[in-house]
Amino acid sequence: MITARAAATFDPVGRSVATARSFVRDTLQGWGFSDVVDDAVVLTSELVTNAVVHAGTAADVECLRSEDAVRIEVSDHYPEREIPLQQSSVNMGSPDREGGRGLQLCAALATRWGVDYTPTHKQVWFQLDLPQRSVGTRAAGPALPADLLPIADGRVRVAVIQIDRLGAISSWNEDAGELFGYVAEQVIGKPLNDLAAWPHTPGTSTGIAEALQLSRWEGSYGVRNTHGRVIPVYASHLRVRDSDGEPSTVCLLVRDDERAVLQTPLRGTAPDPGSLSEPHAADPFEVFIGSPAPDDLDGLLQRTVERARDMLDGDAAFLLLATDDETELEVRASTGLPSARQRFARVQVESAPGRYGSARMPAVHEDLTVVPGAVPLLSGTGMRSVVTVPLKVEGRLTGSLGVAAEASGRYSNEEALRLQFAADRIALAVESARLGELERLRRGSLSFLVEASDLLAGTLDRDQTLALMAQMTVPTLATWCAVYTIADQSAEPYLSYVLHEDEERIDGVKALLAKIAPPDPVPTPGARVWAAPSEAAHEDALRTSMRSLGLGEPPTLGSGIGTTLSTASAVGGETVVLPLVARNRVIGMLTLGKPADEHFRQEILELAEDLSRRAALALDNARLYSERMAISQSLQRSLLPPGLPQVPGVEVEVIYRAAGEGNEVGGDFYDLFPIRDGAYGFAIGDVCGTGPEAAAVTGLARHALRLLAREGFGGPAVLERLNAAILDEGARSRFLTLLYGELWPQEDGSAVLKVVCAGHPLPLRLRQDGTVEPYAEPQPLLGVMDDLELYEQTMTLDPGDVLLCVTDGVTERREGTRMLGDDGLADVLTTCTGLTAGAVAGRIMRAVERFATDAPSDDMAILAMRVPGLQKD
């Protein structure tokens, strides 16, 4: 009967063999099967090697637990490879032979083994029976004198937290409440990720979500308590399932300085450096780090500081890596220190306040109180003696390793030599892992910047550009982000956008930033630290705490201690400002922040600087586009009539559509205006072409028509003078079709019209009986010939008649080879008998739009006038 199961898949690469060994070892130790761990690891190593190295495929490893045995199955996907079966008489050859050795080991070590062979994969399995042992006997370490036992508080508290398959907390014991300050009701149902301060950089190492999916995991991270302070913890995770098969993860957590309560294996005595030089000694790197070595940089560095602390029996250890120019050291791993605030903090090597003067040579400080600041990382930690040694590769400084103790005088040159010996053995592996991480980060950075550039180039909307800038940085680069913009050189920076990875904290961060002066708009490239948000947040938290204790001013509305402390925790870490510079002008600032006790790593700041340059140009392009659109729309609106006058006894309706995105006015235009008492002028025209050039001629035509008509000129004279004005434009001139008329409403309910149709589509008259007929004669268009002889035609609209005037964008509406045309327009108009002018214009426009599926490519204007006649009492 299977009582537990764990499975994993490993890629066909060499390092997968070591990863598979670690997976099997952790799984069996988590199940308490330490008696068979060694045999299982050896067999798994051979079988996975056969799969990923010899067969060249991925390997699926599955561990099955029963009451008295463990079964491990290794599958690959290379069915053509010849597989000897257990029952066959195939000779598996010599143990020294390269092929078949894994099966020989199975036959020698396993209780049972076999091969399952299918058309899609092959599977080799083995079973190891558990030895009989007394109930309660599991594993034991050596007996140690009392003074060598690990130090713990008198009351050791072990937080037991259960996490469901979605990563949410489902159980929270009393010790967890004592350690972190939350009662169960406050946290059950919330994701563990909301409380955990995970030491993780995007694109590298393992995140908390991945760690919770592993069958067993041990390591260090932080948990934020109710005050927002990060409590360093050491955790042991065990993946289990209930009787219904539902998986969950049980997390045991203790304070990091009490890690010995959970950590496995137990601390052993340090290896004698002299023994490492013996002819047949084991590899020095594996002796110090342990086998298998972690295959990621963060794991390797954490293992290094833990082993260094154990080797010198220290209270704390730390490791810093050098930047490319060796001028700064960045904290990458620590153990035993009381706060996680040190991660990714940077210190100077050569100069400046807080420099790390002992980085390039081994150094022993017997009492740090005598030389305060010698090791800036340890300031305020309570550590008094420390030994530090450099990590060097080919004479180049790559990092620094240190071990510290709370007592003074703990270390001498002998300990420095031992630590330097170990550092020399691991320096090359650390540098290789660092370069690998850097390469992965750079590849990820290039992908990130390409995607960011595409997104920023895809919009010219200012508000959307601001939102994209913030969303690309949170949470990939920072925990929160604020964007300040500067309208012009004389304006003050304005807080335009705020984003936090926790949406519930956005308002608090925005309110805090609104209370403090914005950062100075310095054009100097690169990130600079801005301390104002962190200081203001801590001051608010202190002031609110004092008010809650009755020691300060009465609290103001909405200034609860929970909200204030939450905001202080959110912005209490490092905050940096990057200038947004475009076209040699600072147009804003991009502000990135971390929560309390966290720092930015150098690679992230460099990536943020690249992003800020792209974002600045996108933001400035959006600003220029918005300004030009505003100017264009303002000028276009000035070319349209301010409004249609009310004509007594005549219904008038106009529908206008300019072609092209963002255009309000094109080459088509219309107008209706009073000339004198009882007389009104109307016009509808079409300038050759579309866009701004055509719109310029429409403005000339509309204003000239009004001016000339009000000066008393008749229709032909108005158009002849307009023709001369268009020709005077020279190369900018464009020919123009125009229908111009004058309208006189009559007392009997009819209307008299005088019309001149200069090259324009003829107006159509709809009578009450449904007949449609052209209502003018065609004459030459404007802007082509100098001398025009135009004439006007006089006609009368009877009550109930409709006069429809359109531009050629209506009649020339196309769908493939079909065109609406004059006849199609007339057919639509015949269906409009009895409709108002507005209904007629609306029906014509709907018919035009439905005629074709594509968006109109030409401007369109519709002018409908109807004489309703006298109203009967």
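Presented here is an overview of the structure given in this document. Quick caveat, the model's predicted, so the values are computed rather than measured. (Residues numbered from 1 in each chain as written. Predicted model: local features only at pLDDT ≥ 70, side-chain atom pairs only at ≥ 80, totals over all residues. Heavy atoms only, no water.)

### Topic: the overall build of the protein chain
The criterion, for reference: Helix and strand assignments come from DSSP, with helices taken as H or I runs of at least 4 residues and strands as E runs of at least 2, each series counted from the N terminus. Only the protein chains shown count as cover for residues, with accessible areas throughout obtained via the Shrake-Rupley method and a probe of 1.4 Å.
Per the secondary structure count, the protein chain includes 19 helices and 34 strands. Of the accessible surface of the protein chain, which amounts to about 41,900 Å², a share of 51% is contributed by carbon and sulfur atoms.

### Remarks on the sheet that holds strand β10 (residues 230–241)
Inclusion rule: We call two strands paired when DSSP finds no fewer than two bridges between them.
Taken in spatial order, the 6 strands make up an open sheet running β7-β6-β11-β10-β9-β8, and their pairing is antiparallel. Sheet topology places β7 (169–172) and β8 (196–197) at the edges, where each strand pairs with a single neighbour. Pairing geometry for β8 and strand β9 (residues 216–224), over 2 bridges, is antiparallel. Pairing of Ala-196 across the sheet is with Val-223, part of β9.

### Concerning the sheet that holds strand β2 (residues 59–65)
This is how the line gets drawn: Only the stretch in contact is used when fitting a helix axis, every axis being a line fitted to C-alpha atoms; angles between N-to-C directions are given from 0 to 180 degrees. By the convention used here, residues are in contact when the closest approach between their heavy atoms is within 4.5 Å.
Taken in spatial order, the 5 strands of this open sheet run β1-β2-β3-β5-β4, and their pairing is antiparallel. The open sheet terminates on both sides in strands that have one partner only, identified here as β1 (4–10) and β4 (112–117). Averaged over all adjacent pairs, the angle separating strand axes in this sheet is 15 degrees, with direction ignored. Here helix α1 (residues 15–31) sits on the sheet and contacts β1, β2 and β3 (69–76); the angle it forms with β1, its principal contact strand, is near 170 degrees.

### Thoughts on the pairing of strand β13 (residues 328–335)
We apply this condition: With a 1.4 Å probe rolled over the protein chains alone, any residue whose accessible area is under 20% of its type maximum counts as buried; one over 50% counts as exposed, and the rest are partly exposed.
Burial within β13 is extensive, with 7 of its 8 residues counted as buried. With 6 bridges connecting them, strand β12 (residues 316–322) and β13 associate as antiparallel partners. Across the sheet, residue Ala-317 finds its bridge partner in β13, namely Thr-335.

### Focus: the packing of helix α8 (residues 297–311) against helix α9 (residues 413–457)
What counts here: If an angle is under 35 degrees, it is roughly parallel; if it is over 145, roughly antiparallel; if it lies from 65 to 115, roughly perpendicular; otherwise it is oblique. Residues are sorted three ways: Asp, Glu, Lys and Arg are charged, Ala, Val, Leu, Ile, Met, Phe, Trp, Tyr, Cys and Pro are nonpolar, and all the rest, Gly among them, are polar.
For the pair α8 and α9, interaxial distance at closest approach is 10 Å and the crossing angle is 170 degrees. In this view, α8 runs roughly antiparallel relative to α9, as classed from their interaxial angle. Residues Leu-297, Asp-298, Leu-300, Leu-301, Thr-304, Ala-308 and Met-311 of α8 pack against Arg-418, Leu-419, Ala-422, Ile-426, Ala-429, Val-430, Ala-433, Arg-434 and Glu-437 of α9. Partitioned by chemical class, the residues of the contact of α8 with α9 number 11 nonpolar, 1 polar and 4 charged.

### Description of unusual backbone geometry
Here the bond from Val-474 into Pro-475 is cis, since omega is 5 degrees, no more than 30 degrees from zero. Residue Arg-583 is not a glycine yet carries a positive backbone phi of 55 degrees. Relative to the helices and strands, Arg-583 resides in the loop between β21 (575–582) and β22 (585–593). Residue Asn-584 is not a glycine yet carries a positive backbone phi of 60 degrees. Along the polypeptide, Asn-584 turns up in the loop between β21 and β22.

### With respect to the packing of aromatic side chains
Given two aromatic rings, their pairing is described by the distance between the two centres and the angle made by the two planes. Test applied: Side-chain rings of Phe, Tyr and Trp (the six-membered ring for Trp) are treated as a pair once their centres are within 6.5 Å; stacked means planes under 30 degrees apart, edge-to-face means over 60, and tilted covers the remaining angles. Two thresholds decide whether a charge sits over a ring: the Lys NZ or Arg CZ must be within 6 Å of the ring centre and within 35 degrees of the ring normal.
Throughout the structure, instances matching the rule amount to 5 aromatic pairs. Ring geometry for Trp-172 versus Tyr-182: centroids 6.3 Å apart, planes at 80 degrees, classification edge-to-face. Taken together, the positions of Trp-172 in strand β7 and Tyr-182 in the loop between α4 (174–180) and α5 (184–187) put the pair 10 residues apart, joining distant regions of the chain. An identical accessibility class is assigned to Trp-172 and Tyr-182; each is buried. Put simply, the rings of Trp-172, Phe-180 and Tyr-182 pair up and form one aromatic cluster. Positioned above the aromatic ring of Phe-421 is the side chain of Arg-425, whose terminal nitrogen or guanidinium carbon lies 3.9 Å from the ring centre. It is Arg-818 that lies over the ring of Phe-851; its NZ or CZ is 4.4 Å from the centre.

### Things to note about the side chain of Gln-302
Its location among the elements puts Gln-302 in helix α8. Looking at Gln-302, the relative accessible area reads 19%, which means it is buried.

### Here's the deal with the pattern of salt bridges
Put simply, the rule reads: Just to be clear on terms, a salt bridge is a Lys or Arg side-chain nitrogen sitting within 4 Å of an Asp or Glu carboxyl oxygen.
Using the criterion set out here, one finds 25 salt bridges in the structure. Across the salt bridge formed by Asp-310 and Arg-309, the nearest N and O atoms sit 4.0 Å from each other. By relative accessible area, which is 18% here, Asp-310 ends up buried. Residues Arg-462 and Asp-463 are paired through a salt bridge, measuring 3.4 Å at the closest nitrogen-oxygen approach. Overlapping salt bridges, with partners in common, bring together Arg-765, Arg-767, Glu-773, Asp-798 and Asp-801 in one network.

### A few points about a negative patch on the surface
Using the following cut-off: For patches, a residue must show more than 30% relative accessible area and have no salt bridge; joins then use 9 Å for like charges and 5 Å for nonpolar side chains, namely Val, Leu, Ile, Met, Phe, Trp and Tyr. Under the counting rule used here, the positive set is Lys and Arg, the negative set is Asp and Glu, and His together with the chain ends is not counted. Lys charges are placed at NZ, Arg charges at CZ, Asp charges at CG and Glu charges at CD.
A contiguous patch of negative charge, built from Asp-194, Glu-501, Glu-503 and Glu-504, is present on the exposed surface. Looking at the secondary structure, you find Asp-194 in the loop between α5 and β8.

### Describing the environment of Val-156
As for its placement among the helices and strands, Val-156 is situated in the loop between β5 (122–129) and β6 (159–164). Spatially, the C-alpha atom of Val-156 lies 8.6 Å from that of Val-261, the residues being 105 residues apart in sequence. Not counting the four nearest positions on each side in its chain, Val-156 is found in contact with Asp-175, Glu-258 and Val-261.

### Focus on the packing of α9 against helix α10 (residues 462–473)
Note the threshold: In this scheme, a crossing is called left-handed if the near helix is turned counterclockwise away from the far one by less than a right angle; it is called right-handed if the turn is clockwise.
One way to put it is that α9 packs onto α10 with a least axis distance of 10 Å and a crossing angle of 165 degrees. Viewed along their axes, α9 and α10 adopt a mutual orientation that is roughly antiparallel. As α9 runs across α10, the sense of the crossing is right-handed. Contacts between α9 and α10 involve Phe-448, Ala-452, Leu-455 and Leu-456 from the first element and Thr-465, Leu-468, Met-469 and Met-472 from the second. Among the residues making up the contact of α9 with α10, the classes are represented as 7 nonpolar, 1 polar and no charged.

### Focus: the environment of Tyr-775
Examined against the element boundaries, Tyr-775 turns out to sit in the loop between β29 (772–774) and β30 (793–797). The exposure class of Tyr-775 is buried, given its relative accessible area of 6%. Sequence separation between Tyr-775 and Pro-763 is 12 residues, and the spatial gap between their C-alpha atoms is 5.4 Å. Apart from residues no more than four positions distant in its own chain, Tyr-775 is found in contact with Pro-763, Arg-765, Met-795, Thr-796, Leu-797 and Leu-803.

### Some remarks on the pairing of strand β18 (residues 480–485)
Within β18, 6 of the 6 residues are buried, leaving the element largely enclosed by the surrounding structure. The two faces of β18 match: Trp-480, Ala-482 and Tyr-484 on one face and Cys-481, Val-483 and Thr-485 on the other face are all buried. Where β18 meets strand β19 (residues 494–500), 6 bridges bridge the pair, whose relative direction is antiparallel. Following the sheet pairing, Ala-482 is matched in β19 by Val-498. The sheet contact formed by β18 and β22 spans 6 bridges and is antiparallel. The residue bridging Val-483 from the neighbouring strand is Leu-590, located in β22.

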